[in-house]
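Next come the chains, spelled out residue by residue.
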Amino acid sequence: MHLLVPLALLAVYVVWGSTYLAIRVALDSWPPFLLGAVRFLAAGSALYAFLRLRGMPAPTRLQWRNAAVSGTLLLGIGNGLVCYAEQTVASGLAAIAVASMPLFAAAFGTLYRDWPSRLEWLGLVIGFGGVILLNLGSGMSGSPLGAIALVVAAISWAFGSVWSRRRDMPPSSMNTAAQMICGGAALSLFSILQGERMHALPGLQATLALLYLIVFGSLVAFTAYLFLLKNVRPLLATSYAYVNPPVAVLLGAIILGEVVHASDVAAMAVILTGVAMITFGKKRE
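Here's a quick rundown of the structure.

**A look at the overall build of the protein**
Okay, step 1: Tallying secondary structure elements over the protein gives 13 helices and zero strands in all.
Okay, step 2: The N-to-C order of helical and strand elements in the protein reads α-α-α-α-α-α-α-α-α-α-α-α-α.
Okay, step 3: By the compact-globule yardstick of 19 Å for 285 residues, the protein fits well, its C-alpha radius of gyration being 18 Å.
Okay, step 4: The C-alpha extent of the protein, read off along each of the three principal axes, is 45 × 45 × 40 Å.
Okay, step 5: Just so you have it, the protein exposes about 13400 Å², and 69% of that area is on carbon and sulfur atoms.
Okay, step 6: Of the charged side chains in the protein, 17 are positive and 9 negative, and the gap between their average positions amounts to 12 Å.

Below, the structure is given as structure tokens:
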């Protein structure tokens, strides 16, 4: 157990942080929505088959419906728009923008009368100030559509997370499988509506990046995260939110040569400060 915890933390820190880089590499050959569809349908189907073979019951009709809504919001729109944005936005900047998700989640909590404390309100103001700073920075200014897509992605992921907490969802790993299958189906529909086509066989690097997203990004990291939720404090399990953006920025700069401006780094610091204040505000409450 003492060894599994740091290994699980390493998985969610490094693997989830590196998925932004893997998406950027895979986009060299794959259209954005088709990339997400293949990733989540493959990972979700494999996990679903494994769980059913181990005797776990299938989700009920209501649970499938709820998984379809949540999977579409989180993976279909959330991850799909991240893939779309990374066509024109650096992978590190995409990770910074997505780090604002807890800010929107705290705001959506008010719809269910989950009112923020004073510290959380302050965190919201600071965090959203960081989002504005990020979108005004030189890194985002060249791609307004990409910037809008990333904000909508964070909003969709946040609302899906808040909405699903109050619904009858499948248990643990089956929930992950069902949402990946439904999210992959939604991405397939988006891909068809966009008229996406594969004009050539994907290159080796893009294929390896897709396999990495399926095996490590969608299966290993999700499993590690579920393990952490069961065995460590929630504050530690969700600490990946602070580590993923710096990891993504660093990998993007080293491997892809992405330029990181001082204003982008400042925006990341401001956003993560706001997220930390919301996290600690909930813990104190």
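**Some details on the packing of helix H1 (residues 4–26) against helix H10 (residues 204–231)**
Okay, step 1: Relative to each other, H1 and H10 sit at 150 degrees, their axes nearing to 8 Å. It follows from the interaxial angle that H1 and H10 lie roughly antiparallel. With respect to the hand of their crossing, H1 and H10 are arranged in left-handed fashion.
Okay, step 2: When grouped by side-chain class, the residues that make up the contact of H1 with H10 number 24 nonpolar, four polar and no charged.

**Some remarks on the layout of surface pockets**
Okay, step 1: Computed from the structure, the second largest pocket encloses a volume of approximately 170 Å³.
Okay, step 2: Lining the second largest pocket are Leu47, Ser172, Ser173, Thr176, Ser218, Leu219, Phe222, Thr223, Leu226, Phe227 and Lys230.
Okay, step 3: If you list the elements that add at least two residues to the lining of the second largest pocket, you get helix H9 (172–194) and H10.
Okay, step 4: Tallying contributions element by element places H10 first for the lining of the second largest pocket, with seven residues.
Okay, step 5: Residues that form the lining of the second largest pocket fall into these classes: five nonpolar, five polar and one charged.

**What about the side chain of Asn244?**
Okay, step 1: Note that Asn244 resides in helix H12 (residues 240–255).
Okay, step 2: In terms of polar contacts, Asn244 uses its side chain to reach the backbone carbonyl oxygen of Val12, at 3.1 Å.

**Brief notes about the side chain of Thr19**
Okay, step 1: Relative to the elements of secondary structure, Thr19 occurs in helix H1.
Okay, step 2: Judged by its relative accessible area of 7%, Thr19 falls in the buried class.

Here is what the cut-offs are and how they apply
- Residues numbered from 1 in each chain as written.
- Predicted model: local features only at pLDDT ≥ 70, side-chain atom pairs only at ≥ 80, totals over all residues.
- Heavy atoms only, no water.
- Helix = DSSP H or I, 4+ residues; strand = E, 2+ residues; numbered from the N terminus.
- Rg over C-alpha atoms; globule rule 2.2 N^0.38 Å.
- Areas by Shrake-Rupley, 256 points an atom, 1.4 Å probe, with all protein chains shown as cover.
- Lys, Arg positive; Asp, Glu negative; His and termini not counted.
- Charge placed at Lys NZ, Arg CZ, Asp CG, Glu CD.
- Axes fitted to C-alpha atoms, helices over the stretch in contact; angles between N-to-C directions.
- Parallel < 35°, antiparallel > 145°, perpendicular 65-115°, else oblique.
- Left-handed = near helix turned anticlockwise from the far one by under 90°.
- Nonpolar A, V, L, I, M, F, W, Y, C, P; charged D, E, K, R; others polar.
- 1 Å grid on protein atoms, 1.4 Å probe; cavity = no way out; pocket = protein on both sides within 12 Å on 5 of 7 lines; lining within 4 Å.
- Points joined across faces, edges and corners; volume = space filled by probe spheres on them.
- Polar contact = N/O pair within 3.5 Å; in protein donor to acceptor, adjacent residues only side chain to side chain.
- Buried < 20%, exposed > 50% of the residue type's maximum accessible area, 1.4 Å probe, protein only.

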